[in-house]
Amino acid sequence: MTVSFLLRSLRRLSLLQTATLSPTFTLKPSYHVIPTRSFAFSSAEEAAAERRRRKRRLRIEPPLHALQRDPNSPRPKRDPNQPDTTSALVGPRLSLHNRVQSLIRAGDLDNASVVARQSVFSTTRPTVFTCNAIIGSMYRAKRYSDAIALFTYFFKQCNIVPNVVSYNFLIVSYCESGEVDKGLQVYQHIKENAPFGPSAVTFRHLTKGLVDAGRIDEAVNLLWKMVGDGHGADSHVFNNVILGFLNLGNLEKANEFFDELKSRCMVYDGIVNATFMEWFFSQGRVREAMESYKSLLDKEFKMVPATCNVLLEVLLKWGRKVEAEALFDSMLDRHTPPVVQAVNSDTFNLMVNECFKEEGRELEAYSVFKKAGKAPKSKPFAMDTAGFNNMIMRYCEKDMVDDAEKMYVELCAKSLSPDVNTYRALIDAYLKLGRIDEAMEKYTKMVEAGLRVIPTYANKWFSELIENGKIVDCVPILTKMGEKDPKPDATTYDIVIRALCAVSNYDTSLSLLQQMVSYGVGVTPVLKEHVLDVFDKVGRRDDIDRLLNARWSGYAANVSPAQRHGGANLNGYRQQTESIPHANGNGYRYGHGQVQQHVNWQQDNIRNTQQYDNGSYSGSGQQYHNQGNNNGYEQPQYNNRSYVGNGQQYNTGSWNGNGNGNGQQYSNGGYNGNGQQYGSGFQNGSGSHYGNWQQNGSDQQVVNGEQGYEQPQTGSVAL
């Protein structure tokens, strides 16, 4: 053992001597992206410098394992308390979002709200971005109560996690409706409970609401709180406070806050100068207004189009057209996309509208519309559909329909798609001038393009076309509209069917009536009575009876707002404590004493059979419904209607017929595979029950419901 130890020592010594006596050589440079890290540094500063260098290198060239995730490794779990990210807006959820957005763009906010709310109970739940889209559209339409109710429905009842944009829409809805204190409560809730903090937009809404309410001191305190929390000096927040002091006539205090903004920001938004200009002009102090404007131009800020548009609007409003045109030309010269976007369609709309305000300048509007910058690097603005729509609308207002038609042709030639507003303006203008054929042509193109025609305009246009003898021509348009979702309104069918019956075109009217039934639109009692009377006179009542009593499957009912009676609102959520009968989105209920409910269940999808009246739901399709008793008040009854996949109904709950617990109802009956009800059940006590009804796609149930006090249920569907 000692010998082996000596041999190893001699061998190690010989190797060391060989390495020492060998000639020197130069190491080849290493081509590793990240060199091997040494484990010793001469100082802490050197170690820190090495760490910074490695981080910079990793940012430039990240390692491959950071670029691609191992497909076999489990996907990291998403925090349920965090709102959706944009990565969630893919696949079916993106399709749902686009569908809601298309309805919003068409101005059909009620159906957009219905689609978004009903998707909560499907496998494709809406993202927070879809919820924000419909809430924001309600706010922009000044339907503040609907925006607040939708926020409650999506984020409190349906447990979708809101983001800061959601809270901002809620706050501004409260502020615009005069409930600033509730907006402040939401702000406090964000600070205490949300996984994020309030944004600058939050402070903009709150300060504006406080200033409008005459609470300028609280707005100032909130401004300093924003600055103290590290949000920085936001120009719009300072502008709200400055405007508040100007409205109070306190120019000195307004200048004080303006100086504070300039001391905190090297570059600020020119909207503050526009506020001073507006106030000076209103006070007749033109010189001070123009001095404020020139002081802003002297700073040579690179202003965004939104700021320049505000300045343009103020200058045009107070007759400073020379300065406005000079500002417009400078914006065009600075427009060098994609580097600098100096103008937008709103800029052109302001200048074009100014031409239409003055008689004789209508022809000049087109040259302004096509104007481009003269600077060497400037490029013409690529006009969007909104800009073309503004030109078309202005031409139609002046009855210059031929010029509007030229703009429409130019719009289509630029590979832009005309939208609802385009066709709406042209159709109204053609009907106004009595050019029925052109109106019919545009109406047909609008429907063929798959654009949504809201009931208000559809009823108006069909009525005018019918008055001008185009009754038969309305049928293919209405049929084409029925091929898209949402289906046409029941009142729209009513107008056309009555017109066809008036000219004795019974076969076509019967065909449209069949579409109403098969699409699940629902035939109103008034229309049903009318067609029965008309067909009875010609001996064809049996055709109507067979059609109305037939069973149609494959479509869920689409009920129009005109069919909804009993004081319910259009958005499907209850907002007050009244005895208003409510039903689900697939039917309608009307009346107060005897309540008749028409339900069209879709049995192929268990989630579409949910009735949501004033209860909550579980994912399995169970309904928790408050069933009123005959004594005028409601008793909570859970699991009143729960369906399983094979169509069995069970556990119908209890019905207190006389309020003393007597009259328990049980075993109301089951349903076999095709929806036929058997075993109408057993009921004791004094409560009444109407049984022996069938369920197979289109069911009817008559319930003897008395009026009673209803608990407020924000979010339940009201029809």
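One can find the structure itself at the top, above this paragraph.
1. Examining the overall build of the protein chain
Stage number 1. A count of helices and strands for the protein chain gives 29 helices and 10 strands.
Stage number 2. When the 719 residues of the protein chain are sorted by exposure, 45% land in the buried category.
Stage number 3. Sequence separation of 24 or more characterises 59% of the internal contacts of the protein chain that already satisfy a separation of 6 or more.
Stage number 4. If you sum the accessible surface of the protein chain, you get close to 37,300 Å²; carbon and sulfur atoms cover 52% of it.

2. Description of the side chain of T275
Stage number 1. Turning to its location among the elements, T275 is positioned in helix 14 (residues 271-282).
Stage number 2. With sequence-adjacent residues up to four places away left out, T275 is seen in contact with N239, L243 and L246.

3. Here we look at helix 13 (residues 251-264)
Stage number 1. With 14 residues, helix 13 ought to run about 20 Å at 1.5 Å a step, and its terminal C-alpha atoms sit 20 Å apart, in line with that.
Stage number 2. Buried residues in helix 13 make contact with helix 11 (216-228), helix 12 (235-247) and helix 14.

4. What to know about the packing of helix 12 against helix 13
Stage number 1. In contact at an axis separation of 8 Å, helix 12 and helix 13 are set at 165 degrees when each is read in the N-to-C sense. Put simply, helix 12 runs roughly antiparallel to helix 13. Here helix 12 runs over helix 13; the crossing is left-handed. Across the interface between the two elements, S235, F238, V241, I242, F245 and L246 of helix 12 pack against L251, K253, A254, F257, F258, E260 and L261 of helix 13.

5. What about the packing of aromatic side chains?
Here the distance between the centres and the angle between the planes together describe a pair of aromatic rings.
Stage number 1. What the rule picks out here adds up to 26 aromatic pairs.
Stage number 2. Ring geometry for F151 against Y167: centres 5.6 Å apart, planes inclined by 55 degrees, an arrangement best described as tilted. With a gap of 16 residues between them, F151 in helix 7 (residues 144-157) and Y167 in helix 8 (residues 164-176) connect regions that are remote in the sequence.
Stage number 3. On the basis of relative accessible area, F151 is assigned to the buried category, the value being 3%.
Stage number 4. Residue class for Y167 comes out buried when judged on its relative accessible area of 9%.
Stage number 5. A ring pair is formed by Y268 and F301, whose centres lie 5.3 Å apart and whose planes are at 85 degrees; its orientation type is edge-to-face. With Y268 in the loop between helix 13 and helix 14 and F301 in the loop between helix 15 (286-298) and helix 16 (305-317), this pair connects stretches of sequence that are 33 residues apart. The same class applies to Y268 and to F301, which are both buried.
Stage number 6. Over the face of the ring belonging to F258 we find K262, whose NZ or CZ atom lies 4.4 Å from the ring centre.
Stage number 7. We note K487 situated over the ring of Y519; from NZ or CZ to the ring centre the distance is 4.3 Å.

6. Re the nonpolar core
Stage number 1. Core analysis: the largest hydrophobic core is formed by 159 residues, its most contacted members being F154 and Y443.
Stage number 2. If sequence neighbours within four positions are ignored, F154 has contacts with A116, R117, V120, C131, I134, I135, N159 and I160.

7. Observations concerning the side chain of S378
Stage number 1. The topology assignment puts S378 in the loop between helix 19 (362-369) and helix 20 (385-397).
Stage number 2. Of note is the side chain of S378, whose polar atom sits 2.8 Å from the backbone oxygen of A375.

8. Re the packing of helix 19 against helix 20
Stage number 1. Closest axis-to-axis distance for the helix 19/helix 20 pair is 11 Å, and the angle between their directions is 175 degrees. Our classification of the angle between helix 19 and helix 20 gives roughly antiparallel. Residue-level inspection shows E362, A365, Y366 and F369 of helix 19 in contact with helix 20, the latter providing G387, F388, M391 and Y395.
Stage number 2. Classifying every residue of the contact of helix 19 with helix 20 by side-chain character gives six nonpolar, one polar and one charged.

9. Comments concerning unusual backbone geometry
Stage number 1. Here P337 and P338 are connected by a cis peptide whose omega angle stands at 0 degrees.
Stage number 2. With respect to the helices and strands, the residue P338 is situated in the loop between helix 17 (321-334) and helix 18 (345-357).
Stage number 3. Cis geometry marks the peptide bond from D485 to P486; its omega dihedral reads -5 degrees.
Stage number 4. In this structure, P486 sits in the loop between helix 25 (471-482) and helix 26 (490-502).

10. A look at a positive patch on the surface
Stage number 1. A cluster of basic residues, R51, R52, K55 and R56, forms a positive patch at the surface.
Stage number 2. Here R51 lies in helix 2 (residues 44-60).

11. Let's talk about helix 17
Stage number 1. Its 14 residues give helix 17 an end-to-end C-alpha distance of 20 Å, which sits within 8% of 20 Å, the value for a rise of 1.5 Å per residue.
Stage number 2. Those residues of helix 17 that fall on the buried side of the exposure criterion are A324, L327, F328, M331 and L332. Buried residues of helix 17, seen end-on, are gathered within an arc of 140 degrees and therefore sit on one face of the element.
Stage number 3. Its buried side turned inward, helix 17 meets helix 15, helix 16, helix 18 and helix 19.

12. Digging into the state of the cysteines
Stage number 1. Using the criterion set out here, one finds zero disulfides in the structure.
Stage number 2. Lacking any disulfide linkage, C158 is separated from the closest cysteine sulfur, that of C131, by 8.2 Å.
Stage number 3. Exposure remark for C158: the relative accessible area of 12% places this residue in the buried category.

Quick notes on the rules
Residues numbered from 1 in each chain as written. Predicted model: local features only at pLDDT ≥ 70, side-chain atom pairs only at ≥ 80, totals over all residues. Heavy atoms only, no water. Helix = DSSP H or I, 4+ residues; strand = E, 2+ residues; numbered from the N terminus. Buried < 20%, exposed > 50% of the residue type's maximum accessible area, 1.4 Å probe, protein only. Contact = heavy atoms within 4.5 Å. Areas by Shrake-Rupley, 256 points an atom, 1.4 Å probe, with all protein chains shown as cover. Expected span 1.5 Å × (residues − 1). Axes fitted to C-alpha atoms, helices over the stretch in contact; angles between N-to-C directions. Parallel < 35°, antiparallel > 145°, perpendicular 65-115°, else oblique. Left-handed = near helix turned anticlockwise from the far one by under 90°. Phe/Tyr/Trp six-rings, centres within 6.5 Å; stacked < 30°, edge-to-face > 60°. Lys NZ or Arg CZ within 6 Å of the ring centre and 35° of its normal. Core = buried A, V, L, I, M, F, W, Y, C linked by side-chain atoms within 4.5 Å. Polar contact = N/O pair within 3.5 Å; in protein donor to acceptor, adjacent residues only side chain to side chain. Nonpolar A, V, L, I, M, F, W, Y, C, P; charged D, E, K, R; others polar. Patch = residues over 30% accessible without salt bridge, like charges linked within 9 Å, V, L, I, M, F, W, Y side chains within 5 Å. Salt bridge = Lys/Arg side-chain N within 4 Å of Asp/Glu carboxyl O. Lys, Arg positive; Asp, Glu negative; His and termini not counted. Charge placed at Lys NZ, Arg CZ, Asp CG, Glu CD. Arc of directions from axis to C-beta. Disulfide = S-S within 2.5 Å.

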